[in-house]
Each structure stands twice: as C-alpha cells, then as structure tokens.
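# Structural characterization, general
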Amino acid sequence: MLDYKLTGNESLGIEFGSTRIKAVLIDENCNPIASGGHNWENRYENGIWTYHIDDIWSGLQDAYSNLNDDCINKFGSKIKNLASIGISAMMHGYLPFDKDGNLLAEFRTWRNTITAEASEELTKLFSFNIPQRWSIAHLYQAILNKEDHINKIDFLTTLEGYVHWMLTGKRVIGIGEAAGMFPVDSKTNQYDPIMIEAFNNLDNVKNLDWKLIDILPEILVAGDNAGCLTEQGAKLLDVSGTLNAGIPLCPPEGDAGTGMVATNSVAYRTGNVSAGTSIFSMVVLEDQLKNVYEEIDMVTTPTGKPVAMVHCNNCCTDLDYWVNVFCEFAKLSGSNLTKPQIYDLLYNEALNGSADCAGLLSFNYFSGEPVTKCEQGRPLFVRTENSSFTLANFFRAQVYSTMATLKIGMEILDKENVAIDCLTGHGGLFKTPIVGQKLMAGALATPITVMETAGEGGAWGIALLARYMIDNTGETLEEYLNEKVFSKYQGSTIEPDADDVKGFADYIELYKKGLAVEKSACENI
C-alpha cells in the first residue's frame, strides 16, 4: 500500500474507447495515480455498427468499480469525493432522444458508412465537408430514409454527451466534439448560423416539428463549468453508493480532443496521430484550408482553434488478428510467450524488412473507408508471385497497412502547404518502443514524438481538462499544459529516415493501385 491518501482533491477522467472503457484518477499535480478499465466490443446488427445502452452503463460501472479496487489496493479506501470529473468518448455518431429521454434509434457509431447520400448532399449545400460519421449526416440520412422517429426527436447527442447528460442533467458538449456533430464557427465558438439556416430551409426539413438548433447540445469550451454530478448520476457511476454528489464536471469531449490534450498538441503548428482501432491525425491550423476536401474533417481544439482532421476507420484490428494467429502457433509449439511478447517480436522483426515491403500489400479494411472511397471492408493480403515473402516483409506490410490510408489523406495537407513542426503519436500502435514511431516518421516524412505518458491516453486527457476547469486562473489551455503538466514529462522524437521515406513512398504507390483489388473484393466476396 502506498503512502498517498485520497484527499477528495483528485480529478477523474473516463473515456469510452472503441474496445475499452478506461477511468484514470489524477492527483492535484495532474499525475495519474490509479486506473480501472472494462473491455467491450461493438456489435454489427442489421447492417449497423452499434453498442447497446445497457453495455454503456454496465461498462462504465465496471470500469469505475475496478478503479475503486485499485484505490483500495493502493491507498486503503474507495473514492468518496472528487475535485472534478470529465467524460470523453469516441467521436461522432447518432443518439436521438424523445422528450421523455427515450432512445429513438439504435446508437449508430462513427464506424458506420451508411450516410453517403446525406454526406454528399450536405457537403454540397454547405460548401463544407460533412463526413459520413458526423451526427448531422446521420440525422439527414434518417430524414432521407423517412424513418419513423424523426419527428419525435427532442435531443440529439453523441456518446459522451449522453453519459454527461445522465450524470448531470445538462445537455451540453465540448466544442471539439460539437464540431464533429455540425460545423462550428471558430470565431464565435458556436454552430455556424448560416449553415443552420440552410439546413432548416431544406424542403424535407422545414416542415418538421423541430428546428436544428433546439435539438443540438449547447456548446462549451475548455475551462467552462458543465454542471455537477447529481444524486442520480452519482448512483449511476458508483453502484456501491460511496461517491458523493455535487462534483463539478468539465465539458464532455471526443477522443480526438482528449488525444490532443494528452499529447500537448493544442497550439498552432502542432498535431498528433492517434492509432488504435481507428487512426486519425489532428493538425492545428494557422489558417483555414483554401479548399474543401471530403478526406479532411474541419474540427477544433477543445478551445476552438481550427483543426484539420484526417480520420480513417481502420488501423490495428486486422494486425491484431494476425498476431492472434502467431499466438495460436506459439501455443501449439509449446511456447510460453505471452501475446505482448509476440507483439514485440513481430514489430521488431518488421524493422528487418525491405523499406517498400518487397511487393507485399495488406489492406486492413474491416469496415468502409471514406478516404479511399471504399464503402465496405474486406481484410485482404496480396503479393506478387516473385515478391520476397518473408516474416519481416509480411509484418512490415501489416504495420504499413495501419498508416497507409492516413498517408493518402495527409498528402492533401502537404499540397495545402500546412506547416507541421512535429506530430506526437499515441495509442496501441506505439506501445512497442521505436517501431511504430520510426515507420510512421518515414510514412509521413515528419518527426514523430512519443511521450512517456503516451500509454495514459484520452482518459488522462479528459482528466486534465477536468483539472484545468478548476485550476486555471486565466492562463490559456496551452499555457496550463506547458507549465503545469508537460514540463515534468520526457518525450522521445524520431526523425524520418531517408530510406524509410523512399520505401514507403514506393509502397503507397503500389497500395493505391491495389485499391482496385480491395474494391473488387468488396463487390464480389
């Protein structure tokens, strides 16, 4: 048991990731001191990627209970009081409720690619890219489909907005997440009024029983108070009944925003790459992009600075399946190697492969990929008859597959002459030291930094936002993170290797040609 005792001045961050719900407790100096988690998986039901509402609450309660167990083991007591709480989750999606708080349709997650018609029409209407994942695309597609629930909608939100609402009674959202629901104006930090009006005036919208602004959550920015934990909310979070009500909560933010905070990437010319189930880059812009690109989401930092986001639906899922195959072989052979050890072995062997993978291609598409205009996914491994089919080349191709689609999107920012001083990597791809970091630096031809806090992830990021809400005395979020958080943490930076840059450039050209094979697989298999 540690010497530290819980004082009630700690802050809690909870993030609903795609495969894990994580709770991180930090002390008043922003150091992580305890954590708890819960594994969960999305379901594919009736053509929809979804999670059940019961899964949300049982998962949250289990993660919090595991956090309490960690606190008992370390400090000898459960959590009774907190200085602040923050809720985060995977961005985007569709959760519509009626006036009585009943969910009107299944939770439609970011992973769905079922809103192409709505996305195209709204992008044209707004002259602003509306990706398929965005809440407004899901809403308008439901309108186009003439779904029965449309006229009953009283509130439309995302996963963290829903959880925050249940805990506090407040229908609010952080601006970074709001910008993934509907376009915002970074000058006013509110929904774009011209686009709101354009949407309301659509022929199939103007006669509905609601106006868009009335069903969207109120926008707040980092540092704002977003309500307090109610008695009912405290019981929802802590089924043991130990946690007291009245704790202030910061604005709920999406995993993109919390990733930016957790990597100290909220200032101009900074950015980060989050690589887990999905992969996305976030680059804080000095100026808006000159053109509209369907591959680029325009969102914001938690304080409202414009951000160019390249989001790809697929990253490490297929790679993990291949690792499982090697784990099965290891077990059959009588080996005692653990899965993390096998991961490290395979990752490090990838560094011995040819820089261009010697003719091996891997497409990691479990779901559709809008950046490359693939409406469905078919995991696919392809090689030429004279390729060098070695373990090193094979696994290097698997690692390359996690970042290939991101590279295609990032090429647009290169053409726009977007200045990026450095990108900070976090997520599962970077758990094995050096490998993912080195190959990503070569792929993007940009220095990649990994902080020693990279493993804490978005749950730590939202805990920091919760702390900033109660600690800041007028300093900006950038100042707070630089001076009070990251000044005490170390990071390692890897510069791009010339051979890796050239090798990946050759690989990506072949990859682009191979997309025709991937699309054919979707059509025929």
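Everything discussed here concerns the structure shown above.
For every chain, the first residue of the written sequence is number 1, and numbering continues from 1 along that sequence. At least 70 in pLDDT is required for a residue's local features to be given in this predicted model, at least 80 for side-chain atom pairs to be given and counted, and no such filter applies to totals for whole chains, interfaces and linings, which use all residues. Just so you know, side-chain values use all the structure's heavy atoms and leave hydrogens and water out.

### So, the overall build of the chain
Helix and strand assignments come from DSSP, with helices taken as H or I runs of at least 4 residues and strands as E runs of at least 2, each series counted from the N terminus. If you tally the helices and strands in the chain, you get 16 helices and 22 strands. Only the C-alpha atoms count toward the radius of gyration. The rule for a globule is 2.2 Å times the residue count to the power 0.38. Its C-alpha radius of gyration of 23 Å places the chain within 12% of the 24 Å reference for a compact globule of 525 residues. Oriented by its inertia axes, the alpha-carbon framework of the chain measures out at about 65 × 65 × 45 Å. Burial status across the chain gives 59% buried among its 525 residues. Residues counted as positive are Lys and Arg, residues counted as negative are Asp and Glu, and His and the chain ends are not counted. The location of each charge is read from NZ of Lys, CZ of Arg, CG of Asp or CD of Glu. Distance between charge centres in the chain, computed from 40 positive and 68 negative side chains, equals 2 Å. Burial status follows relative accessibility: with a 1.4 Å probe on protein chains alone, a residue under 20% of its type maximum counts as buried, one over 50% as exposed, and anything between as partly exposed.

### What to know about the sheet that holds strand β2 (residues 20-26)
Whether two strands pair depends on DSSP finding at least two bridges between them. Judged by pairing direction, the sheet is mixed, and its 5 strands sit side by side in the order β3-β2-β1-β6-β13 without closing on themselves. The open sheet terminates on both sides in strands that have one partner only, identified here as β3 (32-39) and β13 (253-254). Note that strand β6 (residues 84-89) and β13 share 2 bridges and pair parallel. Note on β13: the bridge partner recorded for A89 is G254.

### Points about the sheet that holds strand β15 (residues 279-284)
Spatially, 7 strands are ordered β16-β17-β15-β14-β20-β21-β22 in an open sheet, and the strand pairing comes out mixed. Only two strands of the sheet have a single partner each, and these edge strands are β16 (297-300) and β22 (491-494). Strand-to-strand twist of the sheet, defined as the mean angle between neighbouring strand axes without regard to direction, takes the value 25 degrees. Taken together, the 4 bridges between β16 and strand β17 (residues 306-312) define a ladder with antiparallel strand orientation. Note that in β17 the partner of T300 across the bridge is P306. Fitted lines through C-alpha atoms give the axes, limited to the stretch in contact for helices. The angle between two N-to-C directions lies from 0 to 180 degrees.

### Digging into the side chain of S135
As for its placement among the helices and strands, S135 is situated in helix α3 (residues 135-144). For S135, a relative accessible area of 1% translates into the label buried.

### Here we look at the packing of aromatic side chains
Each aromatic pair joins two rings of Phe, Tyr and Trp (for Trp, the six-membered one) with centres within 6.5 Å, and gets the label stacked for planes under 30 degrees apart, edge-to-face for over 60, and tilted for any other angle. The full count for this structure, using the stated rule, is 30 aromatic pairs. Plain terms: the ring middles of F381 and F389 are 5.6 Å apart, the flat faces sit at 35 degrees to each other, and that makes the pair tilted. Its relative accessible area of 23% is what places F381 among the partly exposed residues. Sitting over a ring, as applied to charges here, requires NZ of Lys or CZ of Arg to be within 6 Å of the ring centre and within 35 degrees of the ring normal. Just above the ring of W49 sits the side chain of R111; from NZ or CZ to the centre is 4.2 Å. We note K305 situated over the ring of Y268; from NZ or CZ to the ring centre the distance is 5.3 Å.

### A short note on the environment of N68
Structurally, the position occupied by N68 is in helix α1 (residues 53-75). Separated by 32 residues in sequence, N68 and G36 place their C-alpha atoms 7.6 Å apart. Any two residues whose heavy atoms approach within 4.5 Å at even a single point are treated as in contact. Once residues lying within four places of it in the same chain are set aside, the contact partners of N68 are K78, I79 and D238.

### What to know about the pairing of β17
Most of β17 sits out of view: 7 of its 7 residues are buried. Along β17, one buried face is formed by P306, A308, V310 and C312 and the opposite face, lined by V307, M309 and H311, is buried too. As judged from the 6 bridges shared by β15 and β17, these two strands associate in the antiparallel manner. Bridge pairing in β17 links S281 to V310. What sits between the antiparallel neighbours β16 and β17 is a turn of 5 residues, in which G304 has the positive phi angle 105 degrees.

### Considerations on the packing of helix α10 (residues 317-332) against helix α11 (residues 339-350)
The relative placement of two packed helices comes down to the angle between their axes together with the axis-to-axis distance. Packing of α10 against α11 leaves a shortest axis separation of 10 Å and a crossing angle of 110 degrees. It follows from the interaxial angle that α10 and α11 lie roughly perpendicular. Between α10 and α11 lies a crossing of right-handed hand. Of the residues in α11, those in contact with L319, D320, V323, N324, F326, C327 and A330 of α10 are K339, I342, Y343, L346 and Y347. Angles below 35 degrees are treated as roughly parallel, those above 145 as roughly antiparallel, those between 65 and 115 as roughly perpendicular, and all remaining angles as oblique. Handedness of a helix crossing follows the sense of rotation of the near helix relative to the far helix, less than a right angle counterclockwise being left-handed and clockwise being right-handed.

### Description of the nonpolar core
With 130 residues, the main nonpolar core has L139, F199, W210, L212, M440 and Y511 as its most contacted residues. The greatest single-element share of this core, amounting to 12 residues, is contributed by helix α12 (residues 391-415). Among all residues touching Y511, those that are not within four sequence positions of it are L361, S362, F363, Y365, A404, T405 and I408. For the purposes of this section, nonpolar cores are sets of buried Ala, Val, Leu, Ile, Met, Phe, Trp, Tyr and Cys residues that join through side-chain atoms within 4.5 Å. Membership of the second largest hydrophobic core comes to 40 residues, among which are A63, F155, W165 and L237.

### Concerning the side chain of E177
Residue position: E177 is located in helix α5 (residues 175-178). In this structure, E177 is buried with no salt-bridge partner, the nearest side chain bearing the opposite charge being R133 at 9.2 Å. If we ignore the near neighbours within four places in the chain, the residues touching E177 are M90, M91, H92, T158, E160, P252, E253 and G254. Salt bridge, as used here: a side-chain nitrogen of Lys or Arg that lies within 4 Å of a carboxyl oxygen of Asp or Glu.

### Overview of helix α6 (residues 193-200)
For α6, every residue scored as buried is listed here: M195, I196, F199 and N200. Down the axis, α6 shows its buried residues gathered within 135 degrees of arc, on one side only. Along α6, the residues that are exposed and aim more than 90 degrees away from the buried face are P193 and I194. Lining the buried residues of α6 we find α2 (116-126), α3, β11 (190-191) and α7 (212-215). Under the rule applied, a polar contact is a pair of N or O atoms within 3.5 Å (in protein, one hydrogen donor and one hydrogen acceptor; residues adjacent in sequence only if both atoms are side-chain atoms). The backbone nitrogen of I194 has a side-chain oxygen 3.1 Å away, supplied by the residue at the start of α6, namely D192. Think of it as the arc spanned by the lines of direction from the helix axis to the C-beta atoms.

### Remarks on the pattern of salt bridges
Taken as a whole, this structure holds 22 salt bridges when the rule is applied. For D70, the salt bridge is made with K74, and the minimal N-O distance between the two is 3.2 Å. Residue D70 and its partner K74 are located together in helix α1, separated by 4 residues, close to a single helical turn. Between K305 and E478 there is a salt bridge, with the nearest N and O atoms lying 2.5 Å from each other.

### So, helix α9 (residues 255-262)
By the criterion of burial, α9 is predominantly enclosed, with 8 of the 8 residues buried. What α9 keeps buried is the set D255, A256, G257, T258, G259, M260, V261 and A262. At the exit of α9 stands N264, carrying a positive phi of roughly 55 degrees.

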